[in-house]
Amino acid sequence: MNAYRKFFVKKSLWYLLTLFVAVALNFLLPRLIEGNPVSMIANQMTQVMTDSDSMKKVYDTFAAEFGIDKPLWQQFFIYLGNLLRGDLGTSFGLYPTPVSTILASAVPWTLALQLPAILVGWIIGNALGAIAAYKKGVFDKVLFPTFLFINSIPYFILAIILLYIFGLTLNWLPTSGGYNYQMTPNLSLEFIGSVLKHHFLPFLSIVLVTIGGQAIGMREMSIYELNTDYVLYSKLLGIKDSTISRYVFKNAMLPQITGLALSIGTMIGGSLITEIVFSYPGIGTWLFTAIRQLDYPLISGATLLIAISVLLANFTIEIVYGLVDPRIKAAQMEEE
Amino acid sequence: MNSSLQILIRSPKFLIGAITFLVMIAFVTIYPLINTSDPTEMVALAFQPPSAELLLGSDNFGRDLFLELIYGIRTSIFVGLVAGLSATIIGLAIGLAAGYIGGMIDDILTAITNIFIVIPSFIVLILISVSIDSRSTLITAIIIGITSWPWTARAVRAQTSSLRNRDHVNIAKISGHSTPRIITFEILPYIMSYVVMAFVLQTASGILSEASISMLGLGPYNTISLGILLNWALTFEAPVSGAWWAFIPAAFSIAIITFSLYLMNTGMDEIFNPKIRS
């Protein structure tokens, strides 16, 4: 266990460094580039308001929040200080709602949509990929190009197609929002049903694309494993096919866990755009609104939140992976 | 080089992918020369269904969607290729430097690569795009390129550092060949097949990235790309109006282009990597 603790500490330090870089990028990129949005938008905002008193107030809010008149390094410390207090600034578009309030209302929707969709897609994709590699023949010849084609459809395009077919042409499912907005959120069966109905199409579109990508990876890994010596040896020993396929599956599965860690950023990014297509009340839709309104603090808050969640997801997977894969433990033991 | 091309041609996957992609490029290059109308000209009422005159109907502004689609495919492929090229060059340079030089430089470059693999490139792309006021097509493509190099860098580094201590490299070193020469003649030929495959994949993901940020409204200005067509279709509620021709053709174009590139990549993978040939 000592070896594992070392692995854990090392990983934690790496992720802390990465987190710092992500925060610094989130701060620096919009400020370093010519005509930077922070000062420009703060000016623009005040021009729209006519009443000079409220104008001054708004300007002062943002000037204080960004520390516009101070040097860059001081601005960065103000920014970090605000972050540590959980203060992401005030939204321009929905002034004076704090950005953190808006994002807090969006997070449950995004989580409830993406987490199950990515997991379900990952599991089904891996199972199908393994089957395609194992059965070969016609099964593989049909399934593989299908996966490849689905994988080349961007998330949101599949979303648009599903929306058009099931939502608009067949009228089976609602096309926008997280629930029927005529209802007030409560715990009645009717409301939960409405939520589930609105959940289904975006969920399905994320699951389908995830299946495509994961199945391709799993198929490749399984074909590789099927050609290894231990498989041949087991076959010669007369071990049952089902037992061999279990060995193969276990070995091919491990890289797929790393694969999940590495592709989770892209998946979350893609799923955010799926939200936009369905006007799902999650972070993606807010990001879309924020970009259209040039609501800079909200954009920045959303990007930071997304970056942090991706880091967190990665970190979790790597830590779990360290527990599951005996090779990592062995490598740690050797180092000692 | 000649012989590897001959082997490639025998791979049906590669061939189908390459032909689809090249035919697409040829078509979108030649068609605007024949039909010289301006794609932004309003020629009909809004959301007219496809007819003999307007092959794919008209969009919300009454513009010819078929013509727009041609220009969109052209822009998207251009963005993809430039993004793919810049990502591959950056990744190759960083990977070679880290893998060949080793030591401190390797540690630093590998650390940077690992950090940028975890930070979603999508986010960096949004942050840069939001900050730049007038994004031309070329600038968009380059921004996509500079946010998507880490994968190539990591793989190139791994291969280079395993090649670095091979005998033929050592002989070249002892013979007093310069470092650029060793890299060009002793290292690059061995990783070339990988680099070409990486370029093809980066091109595909460049096209997808363009579509994604254009959907968010952060695409290039003053041009028509497939992502921008989709953004218009959604902003002006084409799905609700039942105008499938405003988004289905653009959606399928993206899917077909990336599919052809993925097919090329899989074909090459099977040739250069006999182990996964089924």
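Only a predicted model underlies this, so the values are computations on that prediction, with no experimental measurement involved. (Residues numbered from 1 in each chain as written. Chains lettered and ligands numbered in written order. Predicted model: local features only at pLDDT ≥ 70, side-chain atom pairs only at ≥ 80, totals over all residues.)

We now examine the overall build of chain B. Counting secondary structure elements, chain B contains 11 helices and zero strands. Taken from the N to the C terminus, the helices and strands of chain B come in the order α-α-α-α-α-α-α-α-α-α-α. When the 278 residues of chain B are sorted by exposure, 51% land in the buried category. In chain B, once contacts between residues fewer than 6 apart in sequence are set aside, the share between residues at least 24 apart is 71%. (Helix = DSSP H or I, 4+ residues; strand = E, 2+ residues; numbered from the N terminus. Buried ≥ 20, exposed ≤ 12 C-beta atoms within 10 Å, placed from the backbone. Contact = placed C-beta atoms within 7 Å.)

Right, let's get into the overall build of chain A. Assigned secondary structure in chain A consists of 13 helices and zero strands. Listing every helix and strand of chain A by position from the N terminus yields α-α-α-α-α-α-α-α-α-α-α-α-α. Looking at the 336 residues of chain A, the share that counts as buried comes to 40%. At a minimum sequence separation of 6, the contacts of chain A that also span at least 24 residues come to 73%.

Turning our eyes to something else, we now look at the packing of helix 2 (residues 12-34) of chain B against helix 11 (residues 248-272) of chain B. Between two packed helices, both the angle of their axes relative to each other and the distance between the axes serve to describe the pair. All names here are of chain B. One way to put it is that helix 2 packs onto helix 11 with a least axis distance of 7 Å and a crossing angle of 145 degrees. Seen along the crossing, helix 2 lies across helix 11 with a hand that is left-handed. Residues Lys13, Phe14, Ile16, Gly17, Ala18, Thr20, Phe21 and Met24 of helix 2 touch helix 11, and the partners they reach there are Ile256, Ile257, Ser260, Leu261, Leu263, Met264, Thr266, Gly267 and Met268. Split by residue class, the contact of helix 2 with helix 11 holds 11 nonpolar, five polar and one charged. (Axes fitted to C-alpha atoms, helices over the stretch in contact; angles between N-to-C directions. Left-handed = near helix turned anticlockwise from the far one by under 90°. Nonpolar A, V, L, I, M, F, W, Y, C, P; charged D, E, K, R; others polar.)

Before going further, it helps to spend a moment on the interface of chain B and chain A. One frequently used descriptor of interface size is the decrease in accessible area upon assembly of the parts. Listed by partner, the interface residues are 39 residues for chain B and 48 residues for chain A. For the side of chain B that touches chain A, the secondary structure elements donating two or more residues are helix 4 (103-118), helix 5 (121-131), helix 9 (179-215) and helix 11 of chain B. By residue class, the composition of the side of chain B that touches chain A is 30 nonpolar, seven polar and two charged.

Right, let's get into the nonpolar core. Ranked by internal contacts, the top residues of the largest apolar core, which has 158 residues, are Ile157, Ala159, Ile160 and Ala302 of chain A together with Leu230 of chain B. Among the elements that take part in this core, helix 3 (residues 65-101) of chain B stands out by supplying 17 residues, more than any other. Apart from residues no more than four positions distant in its own chain, isoleucine 157 of chain A is found in contact with Ala251, Ile254 and Ala255 of chain B. (Core = buried A, V, L, I, M, F, W, Y, C linked by C-beta atoms within 7 Å.)

Let us look at the packing of helix 7 (residues 155-169) of chain A against helix 8 (residues 189-226) of chain A. Residues and elements named next belong to chain A. Between helix 7 and helix 8, the least distance of the axes is 9 Å, while the angle of their chain directions is 135 degrees. Our classification of the angle between helix 7 and helix 8 gives oblique. As helix 7 packs across helix 8, the resulting crossing turns out to be right-handed. Counting all contacts with helix 7, which are made through Tyr155, Leu158, Ala159, Leu162, Leu163, Phe166 and Gly167, the residues of helix 8 involved are Leu201, Pro202, Leu204, Ser205, Ile206, Leu208 and Val209. (Parallel < 35°, antiparallel > 145°, perpendicular 65-115°, else oblique.)

All names here are of chain A. Counted at 1.5 Å a residue, the expected span for helix 10 (residues 241-277) with its 37 residues is 54 Å, but the 45 Å between its end C-alpha atoms falls short. Along helix 10, the helix axis deviates most sharply at serine 263, where the bend reaches about 50 degrees. Looking one or two residues past helix 10, serine 279 carries a phi angle of roughly 45 degrees, positive in sign. (Expected span 1.5 Å × (residues − 1). Bend = angle between axes of the 7 residues up to and from the residue.)

Moving on, we get to the environment of threonine 88 of chain B. All names here are of chain B. Examined against the element boundaries, threonine 88 turns out to sit in helix 3. Judged by the 24 C-beta atoms lying within 10 Å of it, threonine 88 falls in the buried class. Residues threonine 88 and isoleucine 19 lie 69 residues apart in sequence; the distance between their C-alpha atoms is 23 Å.

In this structure, serine 279 of chain A takes a positive phi of about 45 degrees despite not being glycine. Looking at serine 279 of chain A, the number of C-beta atoms within 10 Å reads 18, which means it is partly exposed. Its identity as a non-glycine residue notwithstanding, asparagine 222 of chain B has a phi of 55 degrees, on the positive side. Within the secondary structure, asparagine 222 of chain B sits in the loop between helix 9 and helix 10 (226-235). Taking the number of C-beta atoms within 10 Å as the measure of exposure, asparagine 222 of chain B has 9 and is therefore exposed.

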